[in-house]
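Residues per chain, in single letters:
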Amino acid sequence: MRSVKSANSRRPMSTIPKAQSQIMEIGLSPQIRRFVPSMHNLLETLYAKKCEELKIQLQPDQMGRFQEKVLSQYQGHTIDLSELSLPANCIPLINKVVKNIPFVILSQNPLYDGIRNLQLPMVSLTLCNCGIGPRGLAVLFQTLSINQTLYNLNIGNPFSNERNRLGLALNQLAEALKKNRILAILDISGCGIYDLRKLNSAFAENRNLLHINVSDNELKDALILPPYLERLEAQNNVFAQQVVQICEQLRQGSDSVHAREINLKRNKLTIHHLFAILEQIERNTHLNKLILDENTFIGENNICICNYLVYNNHLEYLSLRNCSLTQNFIEQLASGLCRNGSLKTLDISKNIIGDQGALALVQGFQGSCNLKSIIMKRCGLTDLSGLELFKTFLKSNIQEYDFSNNLMGDQTAMYAIQLIKKNKDIIKMSFKKNLNSYETNQQIEKLLNDNIQDRKRNVIPHLRHKVQGMTDYREQQDFVDKKREQLSMKKTQAENDFKFAQSQVVLCQQGAKERTQAVEERLTKLREEAQQLTTQQLNLDKFLWNQIAVIEDEQKLIADNIKNENALIVNLNKQIQETQSKQKSIVQFYKQQMENLRLQDGISKRKVDQLQQEYNSVLAQFEFVKKQQQKPIIKK
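Residues numbered from 1 in each chain as written. Predicted model: local features only at pLDDT ≥ 70, side-chain atom pairs only at ≥ 80, totals over all residues. Heavy atoms only, no water.

Draft legend 1. Expanded view of the overall build of the protein chain. When helices and strands are counted, the protein chain shows 18 helices and 14 strands. Scored against the burial criterion, the 636 residues of the protein chain give a buried share of 38%. Considering only contacts within the protein chain whose residues lie at least 6 apart along the sequence, 73% involve residues at least 24 apart. (Helix = DSSP H or I, 4+ residues; strand = E, 2+ residues; numbered from the N terminus. Buried < 20%, exposed > 50% of the residue type's maximum accessible area, 1.4 Å probe, protein only. Contact = heavy atoms within 4.5 Å.)

Following this line, the structure appears as structure tokens:
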């Protein structure tokens, strides 16, 4: 079995020396020991089993830390056993530890398919990043179809290591959802869902699911929502076109779905998809929260957001982070905001709208807008738009502001300080990572803390300082004297600063005159150089036009020559073809003549052979006759 190390452990337990382990020994408090004596013993055996399975040395100080970590979070109804490197063979002991505990967390433990031995008498079970495969999940879902106590099941994968994999266990999950009547919260994010058809049929029949998380699965098919669903998290998928079919189920008049929160972050949606979505949910009276972050809404069809905000008076939270919003979109959003009375929170962070977009939003804040929270991080705002925004905020009832990571300076920060002083209901104002000074940030934080303390004490804010001043007249008099001294010192310092500023102004005026003269001289030189360049350019243009004309004439001549040469080439080709045809005919004629000669030669050879044979026969006869003639002479 492979050894798995906890995410929080920086050093293996077996490598700590004994002397150091004695110093690091941590004992449990006697109150915890008296409160959970049986739990203490169970954790000891669980740690011993873990060391045995992982083949590491058991150390008392590490056991004490193990028990302290678990028991410090143990409250009788919740136990957290996450990130403890518990192997699969520890499941029987885990069953004893979590017995009669309704809320159990076992995330980031290498349980793998050993989870099939886990008993389910609990109400909430969290098994994130436990490396569970399809076999283990199949057994878990089979017990889930029988078990009627589990209300919350989380097998999602928020981290990349040791992911849970659904695979073929998707069939058992669908059957469990059809049979189970208690499960209301289901998290299957990042589990590798490959087919939505079976899940869709299970969702359509389920009547108890309230919250579903199917994020990080790269889903492409349409998702059927359960009838009583209240919250849907589907970020980081590829719904795109199918998102319209999903939102059709939220249309007013459909008695199927009453979702209150939808998260479609990072789904590759465009402005056309946004138009279709808002058209479907325009009259929806249940949806309160809509998150469309990290999509790309670039286009001309931007009136959809205005119509939606005008006709829908139930949405309270709208998030459009990092959506590449254009100037036209911001204008339509502002026109919709000024006529919307339900939206409480608007988040348009990470959209570089600049000063023009912010000035367009000013009109939206001036109408019947009832915003309570505005978030505009990384929007490229400067003092030009910041001053106008905070002037309009002085007349609004917004309680939370977040303008961090912008380009606003001390001028806007001073308006923010005035706003906090005027509106004692403001409890959040984030101005971090702007161009303002550290002192203004400290002043803003101090005022916010005062507002929070006033809210805790339930004291009327504008009477707090008066009540404190009336308690002791002497302290108030001393405070007044100190204030006078401070003001006199500030006055003298201000006079010195004013004199210094006057001297600096005189120096700046002299420097400005010298710079203006130098700039004028430089301008005259640049003008002369520009005139010279223009004349040179004109001469170059004339020369180029002449060269172009010459080149065009040469091109015409070359074109004519090419035409003539092409005609000659055509004639030559024709002559070559004719000669080739003549050569072919001559070759054929000579071939026929050669064949005829060969035939005649064969005939003549045959005749010669016949004549030779006749000659030979005649010679033979002649010799025979000679011999016949010589025989009688000899007899005589």
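Read on for the rest.
Draft legend 2. Local environment of a nonpolar patch on the surface. Taken together, Leu 540, Phe 543, Leu 544, Trp 545 and Ile 548 make up a surface patch of nonpolar side chains, about 550 Å² in accessible area. In this fold, Leu 540 is placed in helix α18 (residues 473–635). (Patch = residues over 30% accessible without salt bridge, like charges linked within 9 Å, V, L, I, M, F, W, Y side chains within 5 Å. Areas by Shrake-Rupley, 256 points an atom, 1.4 Å probe, with all protein chains shown as cover. Salt bridge = Lys/Arg side-chain N within 4 Å of Asp/Glu carboxyl O.)

Draft legend 3. Local environment of the packing of aromatic side chains. Per the counting criterion, the structure on display carries 10 aromatic pairs. Aromatic side chains Tyr 401 and Phe 403 sit 6.4 Å apart centroid to centroid with 25° between the ring planes, which places their arrangement in the stacked category. For the pair shown, Tyr 401 and Phe 403 are each scored as buried. On the numbers, 5.9 Å between centres and 65° between planes, the contact of Phe 589 with Tyr 590 is edge-to-face. (Phe/Tyr/Trp six-rings, centres within 6.5 Å; stacked < 30°, edge-to-face > 60°.)

Draft legend 4. How the structure looks around unusual backbone geometry. Even without a glycine there, the phi angle at Glu 162 is positive, about 50°. One can find Glu 162 in the loop between β4 (152–154) and α7 (170–179). Relative accessible area serves as the criterion here: at 28%, Glu 162 is assigned to the partly exposed category. Of note in the backbone geometry, Asn 322 takes a positive phi value of approximately 50° without being a glycine. Within the secondary structure, Asn 322 sits in the loop between β10 (317–319) and α12 (327–337).

Draft legend 5. Main features of the packing of α7 against helix α8 (residues 197–205). Where α7 meets α8, the axes come as close as 8 Å, and the angle between the chain directions of the two elements is 10°. Viewed along their axes, α7 and α8 adopt a mutual orientation that is roughly parallel. On α8, the residues that touch Leu 170, Asn 171, Leu 173, Ala 174, Leu 177 and Lys 178 of α7 are Lys 198, Leu 199, Ser 201, Ala 202, Phe 203 and Glu 205. (Axes fitted to C-alpha atoms, helices over the stretch in contact; angles between N-to-C directions. Parallel < 35°, antiparallel > 145°, perpendicular 65-115°, else oblique.)

Draft legend 6. Quick peek at the pattern of salt bridges. Per the stated rule, a full pass over the model turns up 8 salt bridges. Measuring nitrogen to oxygen at the nearest pair gives 2.7 Å for the salt bridge that ties Glu 233 to Arg 231. For Arg 231, a relative accessible area of 33% translates into the label partly exposed. The salt bridge involving Glu 261 is made with Lys 289; its shortest N-O contact spans 3.8 Å. Taken as a pair, Glu 261 in strand β8 (residues 261–263) and Lys 289 in strand β9 (residues 289–291) lie far apart in primary sequence, 28 residues in all.

Draft legend 7. Expanded view of the environment of Gly 386. Mapping Gly 386 onto the fold places it in helix α14 (residues 383–393). The class of Gly 386 is buried, set by a relative accessible area of 0%. Excluding residues within four positions of it along the chain, Gly 386 makes contact with Met 408 and Thr 412.

Draft legend 8. Fine view of the side chain of Asp 347. Within the secondary structure layout, Asp 347 lies in strand β11 (residues 345–347). Of the polar contacts made by the side chain of Asp 347, one reaches the side chain of Ser 349; its length is 2.8 Å. Here Asp 347 is in contact with Tyr 317, Leu 318, Ser 319, Leu 320, Arg 321 and Ile 375, once residues within four sequence places are set aside. (Polar contact = N/O pair within 3.5 Å; in protein donor to acceptor, adjacent residues only side chain to side chain.)

Draft legend 9. A look at helix α16 (residues 438–457). Helix length check: α16, at 20 residues, gives a terminal C-alpha distance of 29 Å against a target of 28 Å (1.5 Å per residue), a fit within 8%. Taken together, the buried positions of α16 are Thr 440, Asn 441, Ile 444, Leu 447, Leu 448, Asn 451 and Asp 454. One side of α16 holds all its buried residues, which, seen down the axis, span an arc of 150°. Residues of α16 that are exposed and angled more than 90 degrees away from the buried face: Tyr 438, Glu 439, Lys 446 and Lys 456. (Expected span 1.5 Å × (residues − 1). Arc of directions from axis to C-beta.)

Draft legend 10. Layout of helix α6 (residues 134–146). An ideal rise of 1.5 Å per residue puts 18 Å on 13 residues; α6 measures up with 19 Å between its terminal C-alpha atoms. Listing the buried residues of α6 in full gives Gly 136, Leu 137, Ala 138, Leu 140, Phe 141, Leu 144 and Ser 145.

Remember that the coordinates give geometry; whether it matters functionally is a separate question.
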